[in-house]
Amino acid sequence: MVALGCLKTSAVVLTTSVWGDPLSHSSASSIFEDFKSSDLAEWSLAEYNFTHPHFDTDWRKQNVSVSGGQLKLSLQPHSLGENSFAGSALRYVEKTHYGRYSVQMRPASGQGLVSGFFVYSGPAYDTRHDEIDIEFLGRDTNLLHVATFVDGALNNQFIDLGFNAAEHVSEYGFDWYPDRVIWRVDGCEVFRMEEKDEVPETPGYVFANIWAVAPELDIWAGSPQKDATGEATINKIEFKPF
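Residues numbered from 1 in each chain as written. Predicted model: local features only at pLDDT ≥ 70, side-chain atom pairs only at ≥ 80, totals over all residues. Heavy atoms only, no water.

Asker: What exactly am I supposed to notice about the pairing of strand S17 (residues 230-241) here?
Answerer: Looking down a regular strand, the side chains alternate between one sheet face and the other. Relative to S17, strand S2 (residues 31-33) runs antiparallel, the two sharing three bridges. Following the sheet pairing, Phe32 is matched in S17 by Glu238. Pairing between strand S6 (residues 70-77) and S17: five bridges, direction antiparallel. When the sheet's bridge partners are listed, Ser74 is paired in S17 with Glu231. As paired elements, strand S8 (residues 99-106) and S17 share eight bridges and run antiparallel to each other. By the bridge assignment for S17, Gln104 is matched with Lys236. (Pairing = 2+ DSSP bridges. Helix = DSSP H or I, 4+ residues; strand = E, 2+ residues; numbered from the N terminus.)

Here it is, written out as structure tokens:
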């Protein structure tokens, strides 16, 4: 793991019934989504009750909306599922692999709330668990949480942004190479992982979500209030393969 200053860089579990679409095993040539269309034709929205020890969140597609060229992912308390909160998540319909990923977003603030943008594959897709994360913990949105999972093993780091990410939209991203992952904020390289056991290799799906943690993660993200609400906004998502 290597922490860096601001360096401008250039590019060199879920079933069909849960997400409502057949899983694609092809790879996306690229992604450019500016949310000027409200139909989200290339995205699947999660709609199911979620059983996971780290999540106090079920997924509801009505908490995903598009207006004025902006995607909104919302979360609020609910009593119609297995968990205390209804969050929201969407997934791109095709897999992606090595390349440059970016998101223009403003995360939610609030104890126990997490806003994420990530690439994931795991047992639900008949693969090992490989993942690359950009996450914001609502308890302190001056910090960016970056992480990878390589065959289920976690590597992670908090980055001090020097600003409050919940106050405005900024661009966050990562470059995924076979031998390294480089994270960027507004075009500046801020962190990299280069060890073999830090770099995923399995193609995955692009996700964005907002969720509330279960008590098992209180020490990491804080404890959500019973009446907690939150909203993450996203202006653009891009992927360009290497």
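Asker: So what exactly am I meant to see when it comes to the side chain of Ser121 here?
Answerer: Here Ser121 is to be found in strand S9 (residues 113-121). Within the structure, Ser121 has its side chain in polar contact with the backbone oxygen of Pro203 (distance 3.5 Å). Ignoring any residue separated from it by four or fewer positions in sequence, one finds Ser121 in contact with Thr127, Arg128, His129, Asp130, Thr202, Pro203 and Gly204. (Polar contact = N/O pair within 3.5 Å; in protein donor to acceptor, adjacent residues only side chain to side chain. Contact = heavy atoms within 4.5 Å.)

Asker: Please explain the pattern of salt bridges as it appears in this structure.
Answerer: One side chain can pair with another of opposite charge once the charged atoms of both are near each other. On inspection of all chains with the given rule, the structure shows seven salt bridges. Put simply, Arg184 and Asp175 hold a salt bridge, and the shortest N to O gap is 3.3 Å. Arg192 is the partner of Glu194 in a salt bridge, and the nearest nitrogen-oxygen pair spans 2.9 Å. Given the relative accessible area of 36%, Glu194 is considered partly exposed. Classification of Arg192 as buried rests on a relative accessible area of 19%. (Salt bridge = Lys/Arg side-chain N within 4 Å of Asp/Glu carboxyl O. Buried < 20%, exposed > 50% of the residue type's maximum accessible area, 1.4 Å probe, protein only.)

Asker: Looking at this structure, how should I read the pairing of strand S5 (residues 64-67)?
Answerer: Covered by surrounding structure in S5 are Val64 and Val66 only, the residues Ser65 and Ser67 on the alternate face being uncovered. Pairing of S5 with S6 involves four bridges; the strand directions are antiparallel. Bridge pairing links Ser65 to Lys72 in S6. Hairpin geometry of S5 and S6 is characterised by an intervening segment of two residues between the two adjacent antiparallel strands and by a positive phi of about 60° at Gly68.

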